[in-house]
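A structural walkthrough
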Amino acid sequence: MDFFSRLGDAISETSKDVSQKVADFTGIARLNMDIRNREELVRKQYLEIGKQYYEMHKEDVEPFFEEIRLINETLAEIDQLKAKIADLKGKKKCSVCGAVNEGEAAYCSKCGAKCESIFADDMPEQTEDDIQEVKEDIVEEVDIQEVKEELVEEDNIQEVKKELVEQENIQDAKEDFTKEVEEDIVIVDLEKKTEE
């Protein structure tokens, strides 16, 4: 009888340990997910701080960070590209307020000034090589950012997948152990009945 008591106690204790490990693992998975969510929030706040800092210092004569100058140059290039698109569509840019008007407009629809300026008149001369270089830079910048975001997402997905697989493995092990224990109990009960 002493053997069966110890066996029952051991089985009970082991199942409690397995249950505790499953609960711990689930808790860890939740905490890891909370950490990732908070890290994403911090990343977004960093971006917002950067945008606000840029807005405050974009017109500094000598910006503290080289990136401010790069952003200003890139925005100017974007404006030039937009101007070329508008020019190709036959639109005019107001020399007073900068608004884009239809090509046939004699006066600006925004400020009423006479529209004589065509976009090509106020843009610096650029070669096809310059335009191609700007396009490649823009495509490269976009591709790099997309790849970074995809890698971060893929890392997070892989971690969650691993955690789920480990949870399933622990659950499977718990179920297998429980079945074995139940079978052992049935065998022990049969042996008891046979001995009696």
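What you see is a predicted model, and the numbers here were worked out from it, not measured in a lab.

A few words now on the packing of aromatic side chains. Evaluated as defined, the whole model comprises two aromatic pairs. For the pair tyrosine 53 and phenylalanine 65, a centre-to-centre distance of 5.7 Å together with 75 degrees between the ring planes defines the contact as edge-to-face. Taken as a pair, tyrosine 53 in helix H1 (residues 2-57) and phenylalanine 65 in the loop between H1 and helix H2 (66-88) lie far apart in primary sequence, 12 residues in all. The class of phenylalanine 65 is partly exposed, set by a relative accessible area of 40%. When the centroid spacing of 4.8 Å and the interplanar angle of 85 degrees are considered together, the rings of phenylalanine 64 and phenylalanine 65 count as edge-to-face.

Here we come to H2. Along an α-helix, residues three or four apart share an orientation, since each turn contains 3.6 residues. For H2, which comprises 23 residues, the first-to-last C-alpha distance of 33 Å matches the rise-based estimate of 33 Å (1.5 Å per residue) to within 8%. The first or second residue beyond H2 is glycine 90, which carries a positive phi of 80 degrees.

Another point: the nonpolar core. Soluble globular proteins tend to pack their nonpolar side chains together in the buried interior. Membership of the largest hydrophobic core is limited to five residues, which are Cys94, Ala99, Cys108, Ala113 and Cys115. Contacts of alanine 113, omitting those with residues within four sequence positions, involve Cys94, Val96, Ala106, Tyr107 and Cys108.

A few words on a negative patch on the surface. Together, Glu168, Asp172, Glu175, Asp176, Glu180, Glu182, Glu183 and Asp184 make up a negatively charged patch on the protein surface. Following the sequence through the fold, aspartate 176 ends up in helix H3 (residues 128-195). Accessibility expressed as a relative area gives 44% for aspartate 176, which makes it partly exposed.

Next up on the list: the pattern of salt bridges. Considering all chains together, one arrives at four salt bridges under this definition. Glutamate 55 is paired through a salt bridge with lysine 58; the nearest N and O atoms lie 2.9 Å apart. Residue classification places lysine 58 among the partly exposed positions, given a relative accessible area of 30%. A salt bridge links glutamate 66 to arginine 69; the nearest nitrogen and oxygen atoms lie 2.0 Å apart. Within this pair, glutamate 66 and its partner arginine 69 are both found in helix H2, separated by three residues, close to a single helical turn. Through salt bridges that share partners, Glu66, Arg69 and Glu73 make up one connected network.

What follows is about the side chain of asparagine 101. With respect to the helices, strands and loops of the structure, asparagine 101 is situated in strand S2 (residues 100-101). A distance of 3.4 Å separates a polar side-chain atom of asparagine 101 from the backbone oxygen of alanine 99. Reaching out from asparagine 101, the side chain makes a polar contact with the side chain of serine 109 at a distance of 2.9 Å. Among all residues touching asparagine 101, those that are not within four sequence positions of it are Lys91, Lys92, Cys94, Tyr107, Cys108, Ser109 and Cys115.

So, on to the environment of asparagine 169. By the element assignment, asparagine 169 lies in helix H3. The partly exposed category is assigned to asparagine 169, whose relative accessible area is 46%. C-alpha of asparagine 169 to C-alpha of valine 22: the two residues are 147 residues apart in sequence and 9.8 Å apart in space.

Moving on, we get to a nonpolar patch on the surface. On the surface, Val42, Tyr46 and Ile49 cluster together into a nonpolar patch covering about 330 Å² of accessible area. Along the chain, isoleucine 49 falls in helix H1. By relative accessible area, which is 53% here, isoleucine 49 ends up exposed.

The next point concerns the environment of tyrosine 107. Within the element layout of this structure, tyrosine 107 appears in the loop between S2 and H3. Apart from residues no more than four positions distant in its own chain, tyrosine 107 is found in contact with Asn101, Gly112, Ala113, Lys114 and Cys115.

Let's shift gears to the confidence of the model for the chain. Residues of the chain with pLDDT of at least 70 account for 78%, and the chain-wide mean is 76. Contacts for the low-pLDDT stretch residues 117-123, under 50 throughout, to residues beyond four places or in other chains number 19 contacts.

Conventions adopted
Residues numbered from 1 in each chain as written. Predicted model: local features only at pLDDT ≥ 70, side-chain atom pairs only at ≥ 80, totals over all residues. Heavy atoms only, no water. Phe/Tyr/Trp six-rings, centres within 6.5 Å; stacked < 30°, edge-to-face > 60°. Helix = DSSP H or I, 4+ residues; strand = E, 2+ residues; numbered from the N terminus. Buried < 20%, exposed > 50% of the residue type's maximum accessible area, 1.4 Å probe, protein only. Expected span 1.5 Å × (residues − 1). Core = buried A, V, L, I, M, F, W, Y, C linked by side-chain atoms within 4.5 Å. Contact = heavy atoms within 4.5 Å. Patch = residues over 30% accessible without salt bridge, like charges linked within 9 Å, V, L, I, M, F, W, Y side chains within 5 Å. Areas by Shrake-Rupley, 256 points an atom, 1.4 Å probe, with all protein chains shown as cover. Salt bridge = Lys/Arg side-chain N within 4 Å of Asp/Glu carboxyl O. Lys, Arg positive; Asp, Glu negative; His and termini not counted. Charge placed at Lys NZ, Arg CZ, Asp CG, Glu CD. Polar contact = N/O pair within 3.5 Å; in protein donor to acceptor, adjacent residues only side chain to side chain. pLDDT = per-residue confidence, 0-100.

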